[in-house]
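Results of the structural survey
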Amino acid sequence: MNQPTTGDFTKTSGWLDWYAGPSKPSFKLPAGAVDAHCHVFGPGAEFPYAPERKYTPCDASKTQLFALRDHLGFDKNVIVQATCHGADNRALVDALIHSQGRARGVATVKRSVTDQELQAMHEAGVRGVRFNFVKRLVDFTPKDELMEIAARIKAWGWHVVIYFEAVDLPELWDFFTTLPTTVVVDHMGRPDVSLPVDGPQFALFQKFMREHSNVWSKVSCPERLSVTGPKALSGEKDLAGGAYRDVVPFARAIVDEFPDRVLWGTDWPHPNLKDHMPDDGLLVDFIPHIAPTPELQHKLLVDNPNRLYWNS
């Protein structure tokens, strides 16, 4: 289905639209499960996309997100500010307010944000800020500005979410390890899964988590990381072993070693994908391959996200 973009916007050519017919997962989520990484886009006519954006998506509204939540069997969402909205958090805050307490948020803010604005976002349900270091998605923000923001949001009990690619971890190490808050890494720092799971690149990420107990990781987005698949498309249920098998050893290693500091999310509506658009129901079926026991599944999906996002 071709999803629309409303308002005076034209979708970026080549990016795929989210899949409107997700299957019902075979894996039954535990009661209270949280989709801890997802987004809302616009709608553009109501919440315009940022002038400085690197891409223009199709709309993906709060109503559509909450319908997916219910279809998949999640109880709550953590909505992460999308880069296409820049530091204009109105679409995010609107979704949080309309969630009836069933969503928390991660915002993007600038140095100029006021304490009153932070307080209003906190009351709406924001519990973190995101620092994006993926160069193709955002322009560079000086580290001193980011550190100043981190120091300010600590007063609200918020955390910092960092998005980067594995090859950049060495140069970002000193900055990341001096952040004064809990730090949540998006998608395991995007490892190159064509490299050995016991190789030096992933070992550095494991060292990062091992040596810094304030660091958490989302073991999400196998559809972005996978090289050999197979992909979570219609019919994947018929394939033994599930989708994105090349990502499983990496995520399993993090879940096994750090079971109390891991999160999982769909990444709906999957921005900036060109190769394929996953079936979100089949993505949920990825979970028991990386968290194989009920205890690990409960920590990953219920205990950890509720402790981080709903305890304050």
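The model shown is predicted, which means the values in this text are computed figures rather than measured ones. (Residues numbered from 1 in each chain as written. Predicted model: local features only at pLDDT ≥ 70, side-chain atom pairs only at ≥ 80, totals over all residues. Heavy atoms only, no water.)

Structural notes on the layout of surface pockets
The volume enclosed by the second largest pocket comes to roughly 240 Å³. If you go around the second largest pocket, you meet 19 residues; those closest to its centre are Arg190, Arg224, Leu225, Ser226 and Val227. In terms of residue class, the lining of the second largest pocket is made up of seven nonpolar, five polar and seven charged. (1 Å grid on protein atoms, 1.4 Å probe; cavity = no way out; pocket = protein on both sides within 12 Å on 5 of 7 lines; lining within 4 Å. Points joined across faces, edges and corners; volume = space filled by probe spheres on them. Nonpolar A, V, L, I, M, F, W, Y, C, P; charged D, E, K, R; others polar.)

Quick word on unusual backbone geometry
Residue Gly42 is joined to Pro43 through a cis peptide bond whose omega torsion reads 0 degrees. Within the fold, Pro43 resides in the loop between β1 (34–38) and α1 (62–72). The peptide bond linking Gly229 to Pro230 adopts the cis configuration, its omega dihedral lying at 0 degrees. Position of Pro230 relative to the elements: it lies in the loop between α7 (222–225) and α8 (248–257). Its identity as a non-glycine residue notwithstanding, Met188 has a phi of 60 degrees, on the positive side. Mapped onto the elements of the fold, Met188 is located in the loop between β6 (183–185) and α6 (200–211). Phi is positive for Asn272, which is not a glycine, with a value near 65 degrees. Locating Asn272 in the fold gives a position in the loop between β8 (262–263) and α9 (280–284). (Helix = DSSP H or I, 4+ residues; strand = E, 2+ residues; numbered from the N terminus.)

Section: the packing of aromatic side chains
This model, assessed by the stated rule, comprises 15 aromatic pairs. Here the aromatic rings of Phe133 and Phe176 are separated by 5.3 Å at their centres, their planes lie at 75 degrees, and the arrangement is edge-to-face. Within this pair, whereas Phe133 is found in the loop between β4 (126–132) and α4 (143–153), its partner Phe176 is found in helix α5 (residues 169–176), the two being separated by 43 residues in sequence. A residue is classified by how much of its surface remains accessible, and Phe133, at 9% relative accessible area, is buried. Residue classification places Phe176 among the buried positions, given a relative accessible area of 1%. (Phe/Tyr/Trp six-rings, centres within 6.5 Å; stacked < 30°, edge-to-face > 60°. Buried < 20%, exposed > 50% of the residue type's maximum accessible area, 1.4 Å probe, protein only.)

Thoughts on the sheet that holds β6
Strand order across the open sheet formed by eight strands is β1-β2-β3-β4-β5-β6-β7-β8, with parallel pairing between neighbours. Each edge of the open sheet carries a strand with a single partner, namely β1 and β8. (Pairing = 2+ DSSP bridges.)

Section: empty space enclosed by the protein
Taken as a whole, this structure holds three cavities of 30 Å³ or more when the rule is applied. Each pocket or cavity is described by its volume, and for the largest cavity that value is around 50 Å³. If you trace the largest cavity, you find it lined by Phe164, Ala166, Leu169, Met188, Gly189, Pro191, Gln201, Phe202 and Phe205. Per-element tally for the lining of the largest cavity: the top contributor is α6, with three residues. Of the residues belonging to the lining of the largest cavity, the class tally is seven nonpolar, two polar and no charged. In this structure, the second largest cavity spans a volume of roughly 40 Å³. Ranked by the residues each element gives to the lining of the second largest cavity, the list is headed by helix α2 (residues 90–97), at three residues.

Structural notes on the side chain of Asp279
Structurally, Asp279 is set in the loop between β8 and α9. The class for Asp279 is buried, based on a relative accessible area of 4%. If sequence neighbours within four positions are ignored, Asp279 has contacts with Tyr19, Pro22, Ser23 and Ala232. (Contact = heavy atoms within 4.5 Å.)

A look at the nonpolar core
One finds Phe131, Ile162 and Trp264 to be the most contacted residues of the largest nonpolar core, which totals 87 residues. Within the second largest apolar cluster, twelve residues are counted, among which are Val78, Val106, Val184 and Leu308. (Core = buried A, V, L, I, M, F, W, Y, C linked by side-chain atoms within 4.5 Å.)

A look at the state of the cysteines
Applying the stated criterion to the full structure yields zero disulfides. Cys58 carries a free sulfur, and the closest cysteine sulfur to it, the one in Cys84, is 9.7 Å from it. (Disulfide = S-S within 2.5 Å.)

What to know about the pairing of β1
β1 sits mainly inside the fold: five of its five residues count as buried. Bridge analysis of β1 against strand β2 (residues 76–80) gives three bridges, and the strand direction is parallel. Across the sheet, Val34 pairs through a bridge with Lys76, a residue of β2. Handedness of the β1-α1-β2 crossover: right-handed. (Right-handed = clockwise from strand over helix to strand, strands pointing away.)

Description of the environment of Thr182
Mapping Thr182 onto the fold places it in the loop between α5 and β6. Separated by 54 residues in the primary sequence, Thr182 and Gly128 have C-alpha atoms spaced 9.4 Å apart. Once residues within four sequence positions are removed from consideration, Thr182 is found in contact with His159, Val160, Asn214, Trp216 and Leu308.

Observations regarding the pattern of salt bridges
Inspection of the entire model under this criterion finds 17 salt bridges. The salt bridge involving Arg111 is made with Asp144; its shortest N-O contact spans 3.4 Å. Of this pair, Arg111 sits in the loop between β3 (103–107) and α3 (115–124) while Asp144 sits in helix α4, and the two are 33 residues apart along the sequence. On the basis of relative accessible area, Arg111 is assigned to the partly exposed category, the value being 34%. You can call Asp144 exposed: its relative accessible area is 51%. For Glu257, the salt bridge is made with Arg210, and the minimal N-O distance between the two is 2.6 Å. In this pair, Glu257 sits in helix α8 while Arg210 sits in helix α6, placing the two residues 47 residues apart along the sequence. (Salt bridge = Lys/Arg side-chain N within 4 Å of Asp/Glu carboxyl O.)

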